[in-house]
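# Commentary on secondary and tertiary structure
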Amino acid sequence: KIINHFFITEQNYNYGKKNVFEDKNNTIKNLLFENAEWCGNYIIIKPDGSFIRKYGEYIQDDIPNLIK
């Protein structure tokens, strides 16, 4: 299976690393993270349209295991 793993930062926050993109117009925040919390949130979107979303802190290495 193909997995695309990337990060999106909040508007006006430039992380400056590969695979990290800024949400320049708050599009992602407004569509998917309307109740976003400080210090990280994530969403896993599966090909069938189902998703797992977490608000708040998380461990990045745990995310791929949630896909299985």
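Summarised in this report is the structure supplied together with it. (Residues numbered from 1 in each chain as written. Predicted model: local features only at pLDDT ≥ 70, side-chain atom pairs only at ≥ 80, totals over all residues. Heavy atoms only, no water.)

## Let's talk about the overall build of the chain
Check the secondary structure of the chain and you find 2 helices and 4 strands. Going residue by residue from the N terminus, the α and β elements of the chain occur as β-β-α-β-β-α. Taken over C-alpha atoms, the radius of gyration comes to 12 Å for the chain, in line with the 11 Å a tight globule of 68 residues would show. Counting across all 68 residues of the chain, residues that qualify as buried make up 13%. (Helix = DSSP H or I, 4+ residues; strand = E, 2+ residues; numbered from the N terminus. Rg over C-alpha atoms; globule rule 2.2 N^0.38 Å. Buried < 20%, exposed > 50% of the residue type's maximum accessible area, 1.4 Å probe, protein only.)

## What about the side chain of Asn41?
Within the fold, Asn41 resides in strand β3 (residues 41–45). For Asn41, a relative accessible area of 19% puts it in the buried group. Setting aside residues up to four positions removed in sequence, Asn41 forms contacts with Phe33, Ala36, Lys54, Tyr55, Gly56 and Tyr58. (Contact = heavy atoms within 4.5 Å.)

## Observations regarding a nonpolar patch on the surface
Taken together, the side chains of Phe6, Ile8 and Phe21 present a nonpolar region at the surface, about 290 Å² in accessible area. Structurally, the position occupied by Phe6 is in the segment before β1 (7–9). Assessed through its relative accessible area of 44%, Phe6 is described here as partly exposed. (Patch = residues over 30% accessible without salt bridge, like charges linked within 9 Å, V, L, I, M, F, W, Y side chains within 5 Å. Areas by Shrake-Rupley, 256 points an atom, 1.4 Å probe, with all protein chains shown as cover. Salt bridge = Lys/Arg side-chain N within 4 Å of Asp/Glu carboxyl O.)

## Comments concerning the environment of Lys54
Looking at where Lys54 falls in the secondary structure, it is placed in strand β4 (residues 51–55). Judged by its relative accessible area of 31%, Lys54 is partly exposed. Sequence-distant contacts of Lys54, defined by excluding residues within four places in its chain, comprise Phe33, Asn41 and Tyr42. A polar side-chain atom of Lys54 sits 3.4 Å from the main-chain carbonyl oxygen of Glu57. (Polar contact = N/O pair within 3.5 Å; in protein donor to acceptor, adjacent residues only side chain to side chain.)

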